[in-house]
Amino acid sequence: MNLIETIESAGAEGFLLDSAVSNLKIWASSDFLPEWVVASINELVQKEQWEELNDRFYQNMTFGTGGIRGRTIGKFSTSVEHGSLSAMGTPEHAAVGTNVLNDFNLIKVIIGLYRYAKFHLETCESIDQPRIVIAHDVRHFSRHFCELAASTWTKLGGQALIFDGPRSTPQLSFAVRQFKATCGAVITASHNPPHDNGFKAYFQDGAQVISPHAEGIVDLVNDVVLEELTEYLDADLSGVILLGDDADKAYISMLSEIVVDSDLIKEHSPKVVFSPIHGCGAISTVPLLKSLGVEVIEVPEQMKLDGRFPTVQSPNPENAEALKVAIAKANEVGADVVIATDPDADRMGVAVRDGCGEMVLLSGNQTGTILSEYRITTLKEAGILPEEGSENAVLIKTFVTTPMQEAVATWHGLRTINTLTGFKWMGAKLASYEANMKVQLFEKEGMAIDYDACDVWTKAELMLDYSNFFVFGSEESYGYLASDRVRDKDANAAVVMFCELAAYLKSQEMSFSDYLNALYLQHGYYEEKTINIYYEGAAGSRKIKNIIDSYRNNVPKSFGGIGVRSLTDFGKDEIFDADGERIPPQEFYFLELNNGYSFALRASGTEPKIKFYVFGRSELDDLEKLDEVKAAASEVMQSLLTDIEADARKRADD
């Protein structure tokens, strides 16, 4: 049998899914794809790698509202894909397939994004050519994809700007605004495993794309056919603009503006062990920290940019294991704080000394809470925020982030805005606040301003008088933001903020535990836990869908004897935020239990998993009772976690 007949036979025998057969036949019979592509498919077929072929071809990689992310190296790599490995272990070719990130899917996305950007400019009656800024992290194929994307954009007729090497995701967000680009993109899979990579799209406000742009881009990406891609496979960088030092200086200058009390840092410099976990985090952060007077001790074995992330099981600062080497270094040198950032430097994890001098990890919720408290307090002390707070000053968090942050904001007289998961929704809020301020300022004062050129004092005054002043934003998954000049989570900025807080606590001879416990006494003891259930591949995708659908079709009645008081279905219910704006529909559920606990569930948009977020609060009127309260809360929490996960796994198989 020839290749096509073998594919059809495997489908008839049930080894290949019908959709995989259909996609494979298109690729295997093409006469326009490079020879190595068909050779790779032929090898997978001859070796009967049916599961691998199903995973690679069962669907076309979906360009979602924010971009795409997935495997770029298969579980099984063919000899032609493997080829000659680079010094960093990158194969010669990305995996062949419709459901993996490779040159073909990357070019398809760029063509669709370009066409939408051009259409948008024409709609706005602009004569500008579409301009894109592209950044990339340290992962396999990241530089290659960046250059290929930039080359494709210029061949289509646009202007493309790229950095001379890896840069962080938040710097890309900043650069889109800095260079007044039509859109932006970053090649990254954040903290995913080494075999993954991704593409995130940003629009001209510097935030990830949302409606209506997202749907428009998705439609045009889906319209691109395979035959269109081959003419762009050979990269030509002759028309691509390479960004110089000025781009970095502007971003670092913005980061320095986040510091409220630079003298405090100089006088009480914390001793900080820092690790970028082989990623981009040191590029901007380390020079800035040193200029501020922070004593920075680097983790030598993790400073090397390496997409294999060889010293950790996962380059995710949410995981204790990822900070293990840095904590050992901190104990060796007697450091006050350990800080680590993920590969594209948009998430930050920390470990701090407790009251006994031992290193303990802080969760994303705990870190966000203490940064919220410190940020609000220092802005009040500096006179940027009114002492009594303001209804026009807002803290933004996601629905799945601890409600303790809302308690902190309310106590200080600020409003809290809850958004769906993902900083793109925070970015959308910031864009609307800026736009509203400009409209109100012009209507009332007849003035127009360059908002990005204003200092923090002027911005605060304008936003408090004419719109909403953004004070701080965070999500439980270790993302934080303190400046609306960036429209995505920014670990570089978070590191700076955390070091300022560390200096303050050092000046007060307080531990981080003291600071957090004082907040518990003030607001109650809050505890949050998560459950991650992974289901990979085509079969896993069905299991995740089973769980999501079952919560709507078969609403749970109780967990471990604790009744479900209410279920909010964000996919069908009309829900409005504190600004009175409708929350976009999404497959996301929030359940309230009869004992006061609550939990949310959603399918991850970036990894093959479903995630549960469980929240509890206990009254606390005496710090001496804290351990007792924690123990009781932990017992309830663990019981709930066990029951929620067992129920989910049953629903997955029903």
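In short, a report on the structure. Every residue gets a number counted from 1 within its own chain, in the order that chain's sequence is written. Local features in this predicted model are restricted to residues of pLDDT 70 or higher, and side-chain atom pairs are both shown and tallied only at a pLDDT of 80 or more, whereas totals for entire chains, interfaces and linings draw on every residue. Note: side-chain values were computed over all heavy atoms of the structure, leaving out hydrogens and water.

### Topic: the pairing of strand β14 (residues 469-475)
Inference 1: Counting buried positions along β14 yields 7 of 7 residues, so the element is predominantly enclosed.
Inference 2: In the sheet, β14 pairs with strand β15 (residues 479-481) via 3 bridges, with the strands oriented antiparallel. When the bridges of β15 are listed, Glu475 appears paired with Gly479.
Inference 3: Hairpin connection between β14 and β15: a loop of 3 residues separates the two successive antiparallel strands, and Tyr478 in this loop has a positive phi of roughly 70°. Each residue's exposure class comes from its accessible area (1.4 Å probe, protein chains only) as a fraction of the maximum for that residue type: buried when under 20%, exposed when over 50%, partly exposed otherwise. Secondary structure elements follow DSSP: runs of H or I no shorter than four residues count as helices, runs of E no shorter than two count as strands, and numbering proceeds from the N terminus. A pair of strands is treated as paired once DSSP finds two or more bridges between them.

### Some thoughts on the sheet that holds strand β6 (residues 241-242)
Inference 1: Reading across from one edge, β1-β5-β4-β2-β3-β6 is the order of the 6 strands in this open sheet, with mixed pairing throughout. The outermost strands of the open sheet, each flanked by one partner alone, are β1 (67-71) and β6.
Inference 2: Pairing of strand β2 (residues 131-136) with strand β4 (residues 183-187), which is carried by 5 bridges, proceeds in the parallel orientation. Along β4, the bridge assignment pairs His136 with Ile187.
Inference 3: Taken strand by strand, helix α8 (residues 169-178) contacts β2, β4 and β5 (196-203), and its axis lies near 165° from that of β4. We call two residues contacting when some pair of their heavy atoms lies within 4.5 Å. Axis lines are fitted through C-alpha atoms, for helices just across the contact stretch, and the angle between N-to-C directions can take any value from 0 to 180 degrees.

### A closer look at helix α10 (residues 245-257)
Inference 1: With 13 residues, α10 extends 19 Å between its outermost C-alpha atoms, agreeing within 8% with the 18 Å of an ideal straight helix rising 1.5 Å per residue.
Inference 2: Lining the buried residues of α10 we find α8, α12 (281-292) and α19 (491-507). The span expected for a helix works out to 1.5 Å for each residue beyond the first.

### Considering the environment of Glu231
Inference 1: Secondary-structure assignment places Glu231 in the loop between α9 (213-223) and β6.
Inference 2: A relative accessible area of 57% places Glu231 in the exposed class.
Inference 3: When the C-alpha atoms of Glu231 and Phe104 are compared, they prove to be 11 Å apart, with 127 residues separating the residues in sequence.

### A look at empty space enclosed by the protein
Inference 1: Both site types are read off a 1 Å grid over the protein atoms alone. A 1.4 Å probe that fits but cannot get out defines a cavity, while an open set with protein on both sides within 12 Å along at least five of seven lines defines a pocket; lining residues have an atom within 4 Å of a point. Grid points are joined across faces, edges and corners, and a volume is the space filled by probe spheres set on the points. Enumeration according to the criterion identifies 4 cavities of 30 Å³ or more in this entry.
Inference 2: Approximately 200 Å³ is the volume found for the largest cavity.
Inference 3: For the largest cavity, the lining is made up of 17 residues, of which Val456, Lys459, Ala482, Ser483 and Asp484 are closest to its centre.
Inference 4: Put simply, the parts of the chain that give the lining of the largest cavity at least two residues each are α10, α15 (364-381), α18 (456-466) and β14.
Inference 5: Residues belonging to the lining of the largest cavity are distributed by class as follows: 10 nonpolar, 1 polar and 6 charged. All residues other than Ala, Val, Leu, Ile, Met, Phe, Trp, Tyr, Cys, Pro, Asp, Glu, Lys and Arg, Gly among them, are scored as polar; the first ten of these are nonpolar and the last four charged.

These figures capture arrangement, not role.
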